[in-house]
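Inside the fold
So you can see what is in the structure, the chains are spelled out below.
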Amino acid sequence: MKQIIIAFLVGGGICLLGQLLIDLTKLTPARILTAFAVCGVLLGAVGVYRPLIDFAGAGATVPLLGFGANLAFGVKRAVDENGWSGALTGPLTAASGGIAAVLLLSLLAAVIFKRGLNCKAAK
Amino acid sequence: MNVTKKEYEELNKSRSPKSKLQKTLPKAFVAGGVICAIGQCLLMLYRYLGLEEETAGLAVSVTLITLSVLLTGLGLYDKLAKHGGAGTLVPITGFANSVAAPALEFKTEGYIAGIGAKMFLIAGPVIVYSTVAAVAYGVVYALMK
């Protein structure tokens, strides 16, 4: 139960940060998402994000910062295993599961649901 | 009444005081927190079922993505996002929504130029810049080894 509360607080806190950015800077959602993913890579690279994941679990992995951090972990592991080529193969290898799932399910949804122009994309 | 964009923004600012932040921030906090708490419950469930840590993490992502795409298809994620703001945008569910929503919206433009291309409207830049950042880190890391 304690872990769930910590995940709630940390995840909520990260989203609060995003909301502050939206309200104060007028960054578009696309920029926010990109910024969060890139920040995640940086935080993962400098080693602050792993401890946060150990502490907050899904509170740290579910926000897009976790997606970015995962790329950093993947690239580190790939370089450790394969040397230089790992710098190229690591990032997308780490992200492949999530990206493939998003693409597959979105395609399925687009085929199944008939919403056409009524559905507003979150721009 | 003719007002320039700047004047309008100032007017807008004076009429929508700090109360806007007081409304949006708690909503974003709660929405994001709830999504992450659901993620944590799923993580604990999958771990309990015997999945390894990494597999369990992926399973959590896939479950949340599935829920988000389903809600997007039913037109419900939009309604949540109106209230949740960044709370529904920043978690992986928001990323999934940003792929599924344009796929649905541009369905009428066909499978290639519509669904296939527009899926990457927001996911494209996210993947491009985070991948480039990670490659840069990989090069630095390999140099330092």
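Each remark here, short or long, concerns the structure printed above.
Residues numbered from 1 in each chain as written. Chains lettered and ligands numbered in written order. Predicted model: local features only at pLDDT ≥ 70, side-chain atom pairs only at ≥ 80, totals over all residues.

The contact between helix α6 (residues 86-112) of chain A and helix α6 (residues 92-105) of chain B brings their axes to 9 Å, and the two run at 35°. The two elements α6 of chain A and α6 of chain B meet at a crossing, and its hand is right-handed. Taken together, the residues of α6 of chain B that come into contact with α6 of chain A (itself represented by Gly98, Val102, Leu103, Ser106, Leu107, Ala109 and Ala110 of chain A) are Ile92, Phe95, Ala96, Val99, Ala100, Ala103 and Leu104 of chain B. Classifying every residue of the contact of α6 of chain A with α6 of chain B by side-chain character gives twelve nonpolar, two polar and no charged. (Axes fitted to C-alpha atoms, helices over the stretch in contact; angles between N-to-C directions. Helix = DSSP H or I, 4+ residues; strand = E, 2+ residues; numbered from the N terminus. Left-handed = near helix turned anticlockwise from the far one by under 90°. Contact = placed C-beta atoms within 7 Å. Nonpolar A, V, L, I, M, F, W, Y, C, P; charged D, E, K, R; others polar.)

Leaving glycine aside, a negative phi is the common case for residues, and trans is the common case for peptide bonds. Even without being a glycine, Lys26 of chain A presents a positive backbone phi close to 60°. Mapped onto the fold, Lys26 of chain A is located in the loop between α1 (2-25) and α2 (29-46).

With that out of the way, let us pick up helix α3 (residues 49-56) of chain A. Residues and elements named next belong to chain A. Three or more residues of α3 are buried, namely Tyr49, Ile53 and Ala56. Down the axis of α3, the buried side of the element spans an arc of 90°, and every buried residue falls inside it. In α3, the exposed positions angled more than 90 degrees off the buried face are occupied by Pro51 and Asp54. On its buried side, α3 packs onto α1, α2, α4 (58-61) and α5 (64-82). Once α3 ends, the next one or two residues include Gly57, with phi positive near 55°. (Buried ≥ 20, exposed ≤ 12 C-beta atoms within 10 Å, placed from the backbone. Arc of directions from axis to C-beta.)

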